Amino acid sequence: MAHSAIAPAPLSPPTLAKLPIRAILPWAAFFGLLMLVLLYFVGAEQGATSLFSGAGVHEWVHDGRHLLGFPCH
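Residues numbered from 1 in each chain as written. Predicted model: local features only at pLDDT ≥ 70, side-chain atom pairs only at ≥ 80, totals over all residues. Heavy atoms only, no water.

What to know about the overall build of the protein chain
Assigned secondary structure in the protein chain consists of three helices and zero strands. By residue count, 10% of the 73 residues in the protein chain fall in the buried class. Contacts spanning at least 24 positions in sequence make up 22% of the contacts within the protein chain whose residues lie at least 6 apart. When the accessible surface of the protein chain is totalled, it reaches about 6800 Å², and 74% of it is carbon and sulfur. (Helix = DSSP H or I, 4+ residues; strand = E, 2+ residues; numbered from the N terminus. Buried < 20%, exposed > 50% of the residue type's maximum accessible area, 1.4 Å probe, protein only. Contact = heavy atoms within 4.5 Å. Areas by Shrake-Rupley, 256 points an atom, 1.4 Å probe, with all protein chains shown as cover.)

Quick notes on the packing of aromatic side chains
In the structure shown here, the tally under the stated rule is three aromatic pairs. Measuring from ring centre to ring centre gives 5.2 Å for Phe-30 and Phe-31, while their planes differ by 65 degrees; the resulting arrangement is edge-to-face. For Phe-30, a relative accessible area of 45% gives the class partly exposed. A connected cluster of aromatic rings, assembled from ring pairs, spans Trp-27, Phe-30 and Phe-31. (Phe/Tyr/Trp six-rings, centres within 6.5 Å; stacked < 30°, edge-to-face > 60°.)

Details of the environment of His-58
By the secondary structure assignment, His-58 is in helix H2 (residues 56–60). In this structure the C-alpha to C-alpha distance between His-58 and Val-42, which are 16 residues apart in sequence, comes to 7.9 Å.

Regarding the environment of His-66
Position of His-66 among the secondary structure elements: in helix H3 (residues 62–67). Given a relative accessible area of 39%, His-66 falls into the partly exposed group. It is 9.2 Å that separates the C-alpha atoms of His-66 and Val-42, two residues lying 24 residues apart in sequence.

Considering a nonpolar patch on the surface
Judged by side-chain polarity, Trp-27, Phe-30, Phe-31, Leu-34, Met-35 and Leu-38 come together as a nonpolar surface patch covering roughly 650 Å² of accessible area. Among the secondary structure elements, Leu-34 is positioned in helix H1 (residues 21–43). Leu-34 gets classed as partly exposed once you look at its relative accessible area, which sits at 38%. (Patch = residues over 30% accessible without salt bridge, like charges linked within 9 Å, V, L, I, M, F, W, Y side chains within 5 Å. Salt bridge = Lys/Arg side-chain N within 4 Å of Asp/Glu carboxyl O.)

Examining the environment of Pro-71
Inspection of the secondary structure assignment puts Pro-71 in the segment after H3. Owing to a relative accessible area of 65%, Pro-71 belongs among the exposed residues under this scheme. Sequence-wise, Pro-71 and Ala-44 are 27 residues apart; in three dimensions their C-alpha atoms are separated by 9.8 Å.

In structure tokens, the structure reads:
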């Protein structure tokens, strides 16, 4: 069995690409706002806090509401 005379180079830990916070912040704010709007429509768009009259939005998010544990009737 032959052994190599050259020692293997030590593995360096992987590094993430450094992104400036100014590049990430607008996207994080956009997706955060989008998630809040989605949470409102799934969790609270009915009854006294309803922005739209009728039951159209309620019917569109009905199954998602139950899947996430929100009561609706």
